[in-house]
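So the chains spell out like this:
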Amino acid sequence: MTLGNSEGLGPIVDRFGRVHTAMRISVTDRCNIRCFYCMPNESVRFLPNKEILSFEEIVSVVEMLSPLGVKKLRITGGEPLVRSQLYKLIRNLVAIPGIEDVALTTNGILLKDQAQSLYEAGLHRLNVSLDTLDESLFERITRRTGLARVLQGIEQAQNVGFSKIRLNAIAMAELTETEIVPLADFARKNNLELRFIEFMPLDAEESWQPGKVLTGAAIKGIIEDAFGLLEPVESTEPSQPARNFRYADGMGQIGLINSVSEPFCSSCNRLRLTAEGKLRNCLFSTTEWDLRDLLRSGASVEAIRHRVRECVEAKKQSHGIDGHDFQRPAKAMYQIGG
Ligand code: SAM
Ligand code: SF4
């Protein structure tokens, strides 16, 4: 069964009326660090290169979907900056008619060297993941070194012209509490917007438990104790997952992405394309729709759009993490694209 406008150019709408206008595109499952809440430390089996979508294949998927209303893209991974010459993909994506916003999420390790080429390629927005400013904790989390390089990467990105860089930090109990105030202080002083993302059951080592989530409400309390009451900022975009707040002194704002404690599934407008060309309708989806086989067998644009609509039509109302029958996806975050 397909939705009524399945072969036409109508928007991509699911059974609950959610219109899909955004796509997260993973360009690799590889990474240069090993965050324990995402990847295994040892013996990671990465996808062979031939299984990964080429830049041309990614661009052609976006060209097929932008006439259906997909206008916002986020490039992710794995670590997207380990993919050679990523700026070339960005340059081609920003040039596609209808694409209004292309953003990138990176761990920042390779940012210092690539910031200029990414900016010149037309990348609109940059998110850098940073959980701590403490070198020894950084090494405990990532099981690699590199904090100084991340900080240099952020500085360089600002120098070449990126404005409104966001920092993403994990919100994990017994890990994040001590990092909140230093990170907030750093973000405020450096004109960065800090956002905390609740720890989700997508870690390859399967250590997630509900008690390990540090809720956005707890983070808000810690911030308010240190900086005064936070004032909610009205969202201009209903599909925006972060709840944003302004500091009492007007010096910047902070975002809380409460994916576990306050799911925002009802306004989800996102599709996800994995590095090997599978389409997912949710981070927690246990099914995937293969676009790569269609692309490589010369299928028509209509056939590919039809598969995209099938994927979206099967989207569940919510991720159901708190349900008794919740089933983790077989893939971890680095294999899906966060
Ligand atoms: N490597 C890049 C990076 O770290 O920014 C992009 C990919 S990473 C999977 C994207 C985001 O997912 C990061 O901000 C990371 O902190 C977040 N993430 C990874 N595993 C997570 C988990 N189990 N729960 C919540 N967020 C997670
Ligand atoms: Fe790599 Fe990003 Fe996963 Fe950390 S969160 S291991 S940086 S893909």
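Here the structure is a predicted model, which is why all the values come from computation and not from measurement.

Asker: Could you clarify how one ought to interpret the site of ligand 1 in this entry?
Answerer: Near ligand 1 you find 17 residues, and of these Y37, G78, E79, S129 and M200 are the closest. Between Y37 and ligand 1, the recorded distance is 2.9 Å, taken from a backbone N or O atom to a nitrogen atom. T106 places a polar main-chain atom, nitrogen or oxygen, 3.2 Å from an oxygen atom of ligand 1. Mapped by element, the contributors of at least two residues to the shell around ligand 1 are strand 3 (101-106) and strand 5 (166-171). Along the lines of polarity and charge, the residues of the shell around ligand 1 split into six nonpolar, nine polar and two charged.

Asker: Could you clarify how one ought to interpret the site of ligand 2 in this entry?
Answerer: Lining the immediate surroundings of ligand 2 are C31, I33, C35, Y37, C38, M39, G78 and N107. Its residues assigned to classes, the shell around ligand 2 shows six nonpolar, two polar and no charged.

Asker: How should the environment of L73 be read in this particular structure?
Answerer: Of note, L73 is situated in strand 2 (residues 72-76). Classification of L73 by relative accessible area gives buried; the value is 2%. Counting along the chain gives 212 residues from L73 to S285, while the straight-line C-alpha distance between them is 19 Å. Discounting chain neighbours no more than four positions away, the residues touching L73 are M23, I25, V62, L93, I99, D101, V102 and A103.

Asker: Whenever I open this one, the packing of aromatic side chains confuses me. Can you help?
Answerer: Two descriptors summarise a pair of aromatic rings, namely the distance from one centre to the other and the angle between the planes of the rings. Counted according to the given criterion, the structure contains four aromatic pairs. With centroids separated by 5.8 Å and ring planes inclined at 65 degrees, the aromatic side chains of F36 and Y37 adopt a geometry described as edge-to-face. The pair formed by F36 and Y37 is uniform in burial state, with each residue classed as buried. Lying over the aromatic face of Y247, R188 brings its terminal NZ or CZ to 4.4 Å of the ring centre.

Asker: Can you help me understand unusual backbone geometry in this one?
Answerer: A negative phi holds for most residues other than glycine; trans holds for most peptide bonds. Residues other than glycine seldom take positive phi values, yet S43 does so here, at roughly 50 degrees. With respect to the helices, strands and loops of the structure, S43 is situated in the loop between strand 1 (22-26) and helix 1 (55-65). Judged by relative accessible area, S43 falls into the exposed class, the value being 70%. Non-glycine residue N191 carries a positive phi angle of around 60 degrees. Structurally, the position occupied by N191 is in the loop between helix 6 (180-189) and strand 6 (193-198). Overall, N191 belongs to the exposed group, its relative accessible area being 63%.

Each value, and the rule that gives it
Positions within a chain are numbered from 1, following the residues in the order the chain's sequence is written. Each chain takes a letter, starting from A, and each ligand takes a number, starting from 1, following the order in which they are written. Given that the model is predicted, a residue must reach a pLDDT of at least 70 before its local features are reported, and side-chain atom pairs must reach 80 or more before they are shown or counted; all residues, however, enter totals for whole chains, interfaces and linings. To get the side-chain values, take all heavy atoms of the structure and skip hydrogens and water. Only heavy atoms are used to decide nearness, and a residue is near a molecule or strand if one of them lies within 4 Å of it. Between N or O atoms, a polar contact is any pair within 3.5 Å; within protein, one atom must be a potential hydrogen donor and the other a potential acceptor, and residues adjacent in sequence are included only when both atoms are from side chains. Secondary structure follows DSSP: runs of H or I at least 4 residues long count as helices, runs of E at least 2 residues long count as strands, and numbering of each begins at the N terminus. Residues are grouped as follows: nonpolar covers Ala, Val, Leu, Ile, Met, Phe, Trp, Tyr, Cys and Pro; charged covers Asp, Glu, Lys and Arg; every other residue, Gly included, is treated as polar. Type-normalised accessible area, obtained with a 1.4 Å probe on protein chains alone, sets the label of each residue: buried when under 20%, exposed when over 50%, and partly exposed for intermediate values. Note on definitions: a residue-residue contact is assigned when non-hydrogen atoms from the two residues lie within 4.5 Å. Classification of ring pairs uses Phe, Tyr and Trp, with its six-membered ring standing for Trp, and accepts pairs whose centres are within 6.5 Å; under 30 degrees between planes counts as stacked, over 60 as edge-to-face, and the remaining range as tilted. Any Lys NZ or Arg CZ that is within 6 Å of a ring centre and within 35 degrees of that ring's normal is treated as a charge sitting over the ring.

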